[in-house]
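# A closer look at the structure
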Amino acid sequence: MTPARKVVRAAWLAALVLVSGDAAAQTVAVTNARIHTVSGSVIEGGTIVFEDGRIVALGADLQAPAGALVIDGTGKVVTPGLIESSSQLGVVEIGAVRQTVDASSSDDRVTAAFRASDGLNPFSTLIPVAATGGVTRAVVRPTGAALIRGQAALIDLDGARPADLIVRDPLAMVSALDQGAAGRFGGSRGAALMRMREALQDARDYAANRGAFNAGARREYALSRLDLEALVPVVNGELPLVLDANRTTEILAAIALAEEFGLDLILSGAAEGWVVADAIAEAGVPVVTNPTENIPSYDRLAISLEGAARLAEAGVPVAFSTGVLVGSPALGTHNVRNLRLLAGAAVRNGMPYADALRAVTLTPAEVWGVAEDVGSLEPGKSADVVVWSGDPFEPLTRAEHVFIAGREMDAPTRQDRLLERYRSIGGAVPEAYKK
């Protein structure tokens, strides 16, 4: 980058930060709307007011403050911002182009120290596209061939620097116990579990004897020092372990492993989870799943469109994601904007409407430990607010206003820019197109 371009870029970034701060400070009132608070009852013809990035009031008999920016919500629906629970937003641009993928390490062993946030690109073209679907926060997780893949982070979708996006990092450790992991580690799920136990036992021993290890007075471990350090919060129960597991036997083995080591377990995928829903509920383990997937394979013969509803009915906390059970996590990342449609499909297949809305708002906030700040509409919480043109679960509904911490997301997407560029056929074309 030339010096001149560096100056221009620095000025643009500074302006963006200033504008962001001013926009969040603006008092905004959405009036006469149907408001889904999620944590409480639905407010008909209600008003919600937010200021300085926080919700300050909401109710049915509320007047917009003097000087507030007023949005007429007549005929519209207001919900909390949606939370995507498994994505590669900001670390994958085009899955088939290796130079744009920063979500994994080619190391096929244990890469617990790998942090997805280290490759985070706030200028990813996929981030504003996701926001058009009412998504305001997303889990960014590592992928790859390793048994323990690394650390996930929680981001919001507003910011010019990686540090501006990150809400919590590390958020969780990501691992796999599915069919793919079994194939790579000894050819069986038992072999994969053996490797997992070895890693967890080493981390536990390292935590208890760190001084002796650093002094060279402890046995060799199977993992590197950095991987051991990364796993210590997991074995201490301070950092959740997200485990990809689909077959019932994988799910039950994951629950048994969590009980053996005292882990804070979150199941990802859980294609056959509904078959053992009572066991999952009894263990108090939440599930991140995709309720639109029902194509069976050898490790998910019992997958069903009704699976999510059956899990919720059994008392399992269920969060939805476009990034699980789709074959390619990168493919899901290109469809984060469709998260609301997953909830609509779950309703079509038996889940109560309120439970489905909760599965993309408050439940993921609880699963990821940020429910005190986001996931529902309550005074004092962050103003992650979406104004919809109608029912958010209907395909033709649009997110007309998306606020993240009180700042409206109105940046044009790449698709918007392409539309404007080629709107007029026969007009001026880029220099490269001229003969």
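Here goes a summary of the coordinates provided. As the structure is a computational prediction, the values presented were derived from the model and not from experiment. (Residues numbered from 1 in each chain as written. Predicted model: local features only at pLDDT ≥ 70, side-chain atom pairs only at ≥ 80, totals over all residues. Heavy atoms only, no water.)

## Quick word on the sheet that holds strand 15 (residues 318-320)
Applied cut-off: Two strands are counted as paired when DSSP detects at least two bridges linking them. Strands are runs of DSSP state E lasting at least 2 residues, helices are runs of H or I lasting at least 4, and numbering of each runs from the N terminus. Under this scheme, a helix contributes an axis fitted over its contacting stretch, all axes are lines through C-alpha atoms, and angles between N-to-C directions fall in the 0 to 180 degree range. Residue contacts follow a heavy-atom distance rule, with two residues in contact if any of their heavy atoms lie within 4.5 Å.
One open sheet holds the eight strands; their spatial order is 6-8-10-11-12-13-14-15, and the pairing between them is mixed. On the outer flanks of this sheet lie strand 6 (82-87) and strand 15, each paired with one strand and no other. Between one strand axis and the next, the sheet turns by 25° as a mean value, whatever way the strands run. As judged from the four bridges shared by strand 8 (residues 135-140) and strand 10 (residues 148-156), these two strands associate in the antiparallel manner. Along strand 10, the bridge assignment pairs Val 140 with Ala 153. Across the sheet, helix 7 (residues 225-235) lies against strand 10, strand 11 (166-176) and strand 12 (241-245), angled at about 90° from strand 11, the strand it touches most.

## Examining the packing of aromatic side chains
To keep it simple, the criterion reads: Each aromatic pair joins two rings of Phe, Tyr and Trp (for Trp, the six-membered one) with centres within 6.5 Å, and gets the label stacked for planes under 30 degrees apart, edge-to-face for over 60, and tilted for any other angle. Here the term buried applies to any residue with accessible area under 20% of the maximum for its type, exposed to any over 50%, and partly exposed to those in between, with areas from a 1.4 Å probe on protein chains only.
Applying the stated criterion across every chain, the model contains five aromatic pairs. Between the aromatic rings of Phe 50 and Phe 403, the centroid separation amounts to 4.9 Å while the plane-to-plane angle is 65°, which identifies the pairing as edge-to-face. Of the two residues, Phe 50 is situated in strand 2 (residues 42-51) and Phe 403 in strand 17 (residues 399-404); the sequence distance between them amounts to 353 residues. Across the pair, Phe 403 and Phe 50 agree in class, each one buried.

## Re the pattern of salt bridges
The condition is simple: Salt bridge, as used here: a side-chain nitrogen of Lys or Arg that lies within 4 Å of a carboxyl oxygen of Asp or Glu.
Considering all chains together, one arrives at 19 salt bridges under this definition. With its nearest N and O atoms 2.5 Å apart, the salt bridge here joins Arg 310 to Glu 306. On the accessibility criterion, Glu 306 (35% relative accessible area) is partly exposed. The residue Glu 366 makes a salt bridge to Arg 358 at a minimum N-O spacing of 3.0 Å.

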